Amino acid sequence: MESSRIKDILNADSYGRQVLVSGWVRTRRDAKDFSFLEINDGSCLRNVQVIADASLSGYELNVLGAHTGSAVQVHGTILQSQGKGQAVELRASAVKLIGECDASSYPLQKKRHTNEFLRTIAHLRPRTNTFGAVFRIRSAAAFAIHKFFNERGFVCLHSPIITTSDCEGAGEMFRVTTLDLEQPPRLEGDYGGKIDYSRDFFGAEASLTVSGQLEAETFASALSNVYTFGPTFRAENSNTPRHLAEFWMVEPEMAFCDLQGNMNLAEDFLRFVIRYVLDHCAADLEFFDQWIEKGVVQALEKVAQAQFAQMTYSEAISAMEQSSRKFEFPVHWGADIQTEHERFLSEEYVGGPVFVTNYPKEIKAFYMRLDEGEKTVSAMDLLVPRLGEIIGGSQREEREAVLRRRIQECGLAEQPYWWYLDLRRYGSVPHAGFGLGFERMVMYLTGMSNIRDVIPFPRTPGNADF
Ligand code: 4AD
Ligand code: MG
């Protein structure tokens with residue numbers, strides 16, 4: 001007999017059905033003639049309550065031996081529950097202990113654990129209510145993202161993970177090498193001492209990608225609308241609740257598209273994913289609303305219907321200068337916008353998601369299209385309450401001469417970008433795209449406050465365990 005998933009049997013339609021349930025024991029209580037087992041299989045937040053009579057064959061071994069954390073399989077009949085708190089219960093005809101669990105050393109006890117503690121047992125935390133719900137929502141959101149782009153005719157592109165170009169030009173790359181770090185080959189002669197990367201695995205300095213954007217631009221220059229959804233890596237030493245060294249990014253890229261078209265897509269996209277999760281993960285969202293972030297469901301409902309506000313960087317700076325708010329990082333035209341500023345703008349000034357556009361070119365990447373007047377670039381960041389920046393994007397510089405100049409001004413070497421410049425010589429078109437930090441999206445959806453708790457195994461400075 002095939003196992004039923006618990007989510008499919010916890011309803012009145014199942015009364016009288018014979019089923020096999022496979023899962024892990026959350027708790028067991030023993031009465032005189034029977035035991036209650038709460039079983040969870042990860043298909044939903046809820047457990048199924050099993051009633052196992054002491055008269056079952058192998059009761060001692062299979063039921064009384066099934067401690068919290070054990071894996072069991074239960075054959076039985078679904079009945080309308082007599083008890084409070086659940087609609088159905090499973091009256092067992094047979095219980096089989098599949099995997100024992102040593103009660104004295106099992107780290108997940110009935111009490112509530114802190115998320116900090118659970119990070120130290122990241123291999124077991126998916127068995128908790130919170131993490132089960134996070135990762136079901138993460139999965140639903142990933143599916144919704146592919147669905148959104150698929151329905152709009154975007155081609156899904158698997159951009160490379162190992163690369164020899166730095167997309168953001170910020171030098172925050174993890175090196176990929178097979179050189180002997182104790183005795184690397186050195187360049188001879190005038191360059192004495194420098195490492196000879198031509199003898200490295202790829203014949204050049206290689207790194208883990210910080211973004212699939214540049215490769216997505218090449219494909220957009222042929223397939224018109226594409227997107228990537230993959231892991232990206234940043235060797236920035238940011239120990240914050242919003243930064244990971246390895247995170248997943250969604251990056252659409254559209255040919256024949258400008259900044260406004262880019263923002264329109266980002267807005268539709270975000271609303272679509274939120275709507276999908278609201279419609280498909282109601283019980284899990286309810287859990288977050290009750291235990292993690294009060295009001296998160298209502299806030300998502302609101303955003304799923306809202307028009308997002310837009311303001312230029314210059315307007316954002318004026319708004320902050322004119323507010324009575326004291327910021328830790330001073331506000332003036334030209335200054336980078338910090339998390340505290342982002343949160344002020346979205347939470348207090350706008351009260352919802354807001355696109356900030358046209359940033360000073362000095363604080364943005366080389367590839368962003370230079371605006372008229374050459375002070376700002378056609379960039380956009382989407383700021384949301386609680387998190388700040390969730391999306392960063394721009395219209396790209398499609399003019400070869402300007403791009404070449406910007407690469408130089410940014411102090412970058414032109415050579416690694418030769419193919420990127422080629423795109424501007426052969427059928428160049430206005431184009432635009434953005435990157436959504438997928439973990440930030442999951443934080444936004446769940447109300448979880450630390451990015452380490454929305455990715456299965458977080459990689460942060462000093463930590464790559466598991
Ligand atoms: O703003 P970023 O750096 O933009 C890019 O990488 C562009 N190439 C995207 C594009 O236009 N195709 O990063 C995009 C988003 C941010 O808005 C943020 O949500 C997320 O990626 N992000 C991070 N998420 C977790 N940890 C980090 N260290 C992150 N850095 C950026
Ligand atoms: Mg950014």
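Relevant structure appears above.
Heads up: these notes are all about the structure in this document. (Residues numbered from 1 in each chain as written. Chains lettered and ligands numbered in written order. Predicted model: local features only at pLDDT ≥ 70, side-chain atom pairs only at ≥ 80, totals over all residues. Heavy atoms only, no water.)

## Thoughts on the overall build of the chain
Then step 1. Tallying secondary structure elements over the chain gives 13 helices and 16 strands in all.
Then step 2. Counting only C-alpha atoms and orienting by the principal axes, one finds that the chain spans roughly 85 × 55 × 45 Å.
Then step 3. Sequence separation of 24 or more characterises 67% of the internal contacts of the chain that already satisfy a separation of 6 or more.
Then step 4. For the chain, the accessible surface area stands at approximately 22300 Å², while carbon and sulfur atoms represent 50% of it.
Then step 5. Each charge class in the chain can be summarised by its mean position, and for the 49 positive and 62 negative side chains these summaries are 5 Å apart. (Helix = DSSP H or I, 4+ residues; strand = E, 2+ residues; numbered from the N terminus. Contact = heavy atoms within 4.5 Å. Areas by Shrake-Rupley, 256 points an atom, 1.4 Å probe, with all protein chains shown as cover. Lys, Arg positive; Asp, Glu negative; His and termini not counted. Charge placed at Lys NZ, Arg CZ, Asp CG, Glu CD.)

## Side note on unusual backbone geometry
Then step 1. Positive phi values are uncommon outside glycine, yet Ser224 reaches one of about 70°.
Then step 2. Here Ser224 lies in the loop between helix H5 (213-223) and strand E10 (225-233).

## Topic: the pattern of salt bridges
Then step 1. In total, this model carries 30 salt bridges according to the counting rule given.
Then step 2. The salt bridge partner of Arg138 is Glu439, with a shortest N-O separation of 2.9 Å. Here Glu439 lies in helix H13 (residues 438-446) and Arg138 lies in helix H4 (residues 129-151), a separation of 301 residues in the sequence. Each member of the pair, Arg138 together with Glu439, is buried.
Then step 3. Note that Glu217 is salt-bridged to Arg396, the shortest N-O span being 3.9 Å. With Glu217 in helix H5 and Arg396 in the loop between strand E15 (388-395) and helix H11 (400-409), this residue pair connects regions lying 179 residues apart in the sequence. Neither residue differs from the other here; Glu217 and Arg396 are each classed as buried.
Then step 4. Three or more residues are tied together by salt bridges with common partners; here these are Glu217, Glu253, Arg396 and Arg424. (Salt bridge = Lys/Arg side-chain N within 4 Å of Asp/Glu carboxyl O. Buried < 20%, exposed > 50% of the residue type's maximum accessible area, 1.4 Å probe, protein only.)

## Quick notes on the sheet that holds strand E3 (residues 48-53)
Then step 1. The strand order around the closed barrel formed by 5 strands is E1-E2-E3-E5-E4, and the pairing between neighbours is mixed. Strand-to-strand twist of the sheet, defined as the mean angle between neighbouring strand axes without regard to direction, takes the value 55°.
Then step 2. Taken together, the 6 bridges between strand E1 (residues 18-30) and strand E2 (residues 34-40) define a ladder with antiparallel strand orientation. Along E2, the bridge assignment pairs Arg29 with Phe36. (Pairing = 2+ DSSP bridges. Axes fitted to C-alpha atoms, helices over the stretch in contact; angles between N-to-C directions.)

## Quick word on the pairing of strand E13 (residues 354-360)
Then step 1. Taking burial as the measure, the 7 residues of E13 include 6 buried ones, the bulk of the element.
Then step 2. Direction of pairing for strand E12 (residues 309-312) relative to E13: parallel, over a ladder of 4 bridges. Bridge assignment links Thr312 to a residue of E13, and that residue is Thr357.

## A closer look at the site of ligand 1
Then step 1. Neighbouring residues of ligand 1: 25 residues in total, closest Glu168, Gln213, Glu236, Glu251 and Glu389.
Then step 2. One of the side-chain N or O atoms of Gln213 is found 2.7 Å from a nitrogen atom in ligand 1.
Then step 3. With respect to ligand 1, the side chain of Arg234 contributes an N or O atom lying 2.8 Å from an oxygen atom.
Then step 4. Its free accessible area being 620 Å², ligand 1 has 93% of it covered by the protein chains.
Then step 5. Sorting the residues of the shell around ligand 1 by element identifies strand E11 (246-255), E15 and strand E16 (431-437) as the ones contributing at least two each.
Then step 6. For the shell around ligand 1, the element with the highest residue contribution is E15, accounting for 5 residues.
Then step 7. Its residues placed into classes, the shell around ligand 1 shows 9 nonpolar, 8 polar and 8 charged. (Near = heavy atom within 4 Å. Polar contact = N/O pair within 3.5 Å; in protein donor to acceptor, adjacent residues only side chain to side chain. Nonpolar A, V, L, I, M, F, W, Y, C, P; charged D, E, K, R; others polar.)

## Digging into the packing of aromatic side chains
Centre-to-centre distance and the angle between the planes together describe a pair of aromatic rings.
Then step 1. The tally for this structure, following the rule as stated, stands at 23 aromatic pairs.
Then step 2. For the pair Phe269 and Phe434, a centre-to-centre distance of 5.8 Å together with 50° between the ring planes defines the contact as tilted. With Phe269 in helix H6 (residues 259-280) and Phe434 in strand E16, the pair connects residues that are 165 residues apart, well separated along the chain. For the pair formed by Phe269 and Phe434, the shared burial category is buried.
Then step 3. Pairing Phe308 with Phe355 gives two aromatic rings, centres 6.1 Å apart and planes at 40°, and the pair type is tilted. Here Phe355 lies in strand E13 and Phe308 lies in the loop between helix H8 (296-305) and E12, a separation of 47 residues in the sequence.
Then step 4. Assessed through its relative accessible area of 0%, Phe355 is described here as buried. (Phe/Tyr/Trp six-rings, centres within 6.5 Å; stacked < 30°, edge-to-face > 60°.)

## Quick word on the environment of Ser104
Then step 1. Position of Ser104 among the secondary structure elements: in the loop between strand E5 (88-99) and helix H3 (115-120).
Then step 2. We classify Ser104 as exposed; its relative accessible area is 68%.
Then step 3. Of note is the side chain of Ser104, whose polar atom sits 3.0 Å from the side chain of Asp102.

## Points about helix H10 (residues 339-350)
Then step 1. End to end, H10 covers 15 Å across 12 residues, agreeing with the expected 16 Å (1.5 Å per residue, within 8%).
Then step 2. For H10, the set of buried residues is Glu340, His341, Glu342, Phe344, Leu345 and Ser346.
Then step 3. Check the buried side of H10 and you find it contacts E12, helix H9 (313-322), E13, strand E14 (376-384) and E15.
Then step 4. A positive phi of about 75° marks Gly351, the residue just after H10. (Expected span 1.5 Å × (residues − 1).)

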